[in-house]
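Summary of the model geometry
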Amino acid sequence: MQPVNRIDPNMPVQAYQTYSITAPRDTTVVAACEQVGCPQWQHGWESVIDETTDLGKQQAAYIRTQSRRTFREIKGPEGLTVFRFESGQRCFDEHRTRPEIYLVRDGDWRGNPTGRQRQHTRPADWVEDMAEHQGRLIDLKQKG
């Protein structure tokens, strides 16, 4: 592996903050359709159910009475029923994704002298924290 080339810092390690996003290896969590960019969530979908079979009867009954999703029902030929689901609602798949850890810690690649770090639970909070920090740096630079 090639060594990392770094510019020598101008200030002591205490003057820096590090923002990082990591994902633990071999760990997945159940995720919402919106989080994973599910095409059914984005565009809607159709389920064609054959109600002449026992399985089809059970599926249709579940959709009608327990699915808690918005749909239109279209009767087709030979016992087929088309359930047309609107976009913006959870599909029937279970999506999984790798969790992301949004971390802010004191220091830089040389270490964390204070040991202080905090983990944001929402990406938007992490982005806001970094934007505020960059704003403070810009103000300090303009002051001289």
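Scroll up to find the structure this text is about.
1. Observations concerning the overall build of the protein
A tally of regular secondary structure across the protein gives 4 helices and 8 strands. Counting helices and strands in the order they occur from the N terminus, the protein gives β-β-α-α-β-α-β-β-β-β-β-α. Against the 2.2 N^0.38 benchmark of 15 Å for 144 residues, the protein shows a C-alpha radius of gyration of 26 Å, more extended than a compact globule. Summarising its shape, the C-alpha atoms of the protein cover approximately 80 × 40 × 25 Å along the three principal directions. The proportion of buried residues among the 144 residues of the protein is 23%. Restricting to contacts in the protein with at least 6 residues of sequence separation, those with at least 24 account for 63%.

2. Some thoughts on the packing of aromatic side chains
Think of a pair of aromatic rings as described by two things: how far the centres are apart, and how the planes are tilted against each other in angle. Scanning the model with the defined rule gives 8 aromatic pairs in all. Their ring planes at 55° and their centres at 6.1 Å tell us that Tyr102 and Trp126 sit as a pair that is tilted. Separated by 24 residues along the polypeptide, Tyr102 in strand 7 (residues 101-106) and Trp126 in helix 4 (residues 123-143) bring together distant segments of the chain. Take Trp126: its relative accessible area is 9%, and that puts it in the buried class.

3. Quick look at helix 3 (residues 54-65)
Its 12 residues give helix 3 an end-to-end C-alpha distance of 16 Å, which sits within 8% of 16 Å, the value for a rise of 1.5 Å per residue. Every buried residue of helix 3 is listed here: Gly56, Ala60 and Ile63. With its buried residues spanning 60° around the axis, helix 3 presents them on a single face. In this structure, helix 3 carries Asp54, Leu55, Gln58 and Thr65 as exposed residues pointing more than 90 degrees from its buried face. Among the structural elements, strand 3 (45-50), strand 4 (71-75) and strand 5 (80-85) are those in contact with the buried residues of helix 3.

4. Quick notes on the nonpolar core
Residues Cys33, Cys38, Trp45, Ile49, Ala60, Ile63, Phe83, Phe85 and Cys91 constitute the largest nonpolar core, which totals 9 residues. Every element with two or more residues in this core is listed here: strand 3, helix 3 and strand 5. Leaving out residues up to four positions away in the same chain, Ala60 has contacts with Ile49, Glu51 and Phe83.

5. Things to note about the pattern of salt bridges
What the rule picks out here adds up to 10 salt bridges. Notably, a salt bridge pairs Glu94 with Arg96, separated by 3.4 Å at the nearest N-O pair. Given a relative accessible area of 57%, Glu94 falls into the exposed group. Across the salt bridge formed by Asp108 and Arg110, the nearest N and O atoms sit 2.9 Å from each other. When its relative accessible area of 37% is taken as the criterion, Arg110 is described as partly exposed. Three or more residues are tied together by salt bridges with common partners; here these are Glu51, Arg64, Glu73 and Lys75.

6. Topic: the sheet that holds strand 4
With antiparallel pairing, 3 strands are arranged side by side in an open sheet as 3-5-4. Edge positions in the sheet fall to strand 3 and strand 4, since each of these pairs with one other strand and no more. Between one strand and the next, the sheet's axes are offset by a mean angle of 20°, whatever the strand orientation. Sheet topology note: the strand 3/strand 5 ladder contains 6 bridges and is antiparallel. Across the sheet, residue Asp50 finds its bridge partner in strand 5, namely Leu80. Each of strand 3, strand 4 and strand 5 is contacted by helix 3, which is oriented at about 140° to strand 3, the strand it contacts most.

Here is what the cut-offs are and how they apply
Residues numbered from 1 in each chain as written. Predicted model: local features only at pLDDT ≥ 70, side-chain atom pairs only at ≥ 80, totals over all residues. Heavy atoms only, no water. Helix = DSSP H or I, 4+ residues; strand = E, 2+ residues; numbered from the N terminus. Rg over C-alpha atoms; globule rule 2.2 N^0.38 Å. Buried < 20%, exposed > 50% of the residue type's maximum accessible area, 1.4 Å probe, protein only. Contact = heavy atoms within 4.5 Å. Phe/Tyr/Trp six-rings, centres within 6.5 Å; stacked < 30°, edge-to-face > 60°. Expected span 1.5 Å × (residues − 1). Arc of directions from axis to C-beta. Core = buried A, V, L, I, M, F, W, Y, C linked by side-chain atoms within 4.5 Å. Salt bridge = Lys/Arg side-chain N within 4 Å of Asp/Glu carboxyl O. Pairing = 2+ DSSP bridges. Axes fitted to C-alpha atoms, helices over the stretch in contact; angles between N-to-C directions.

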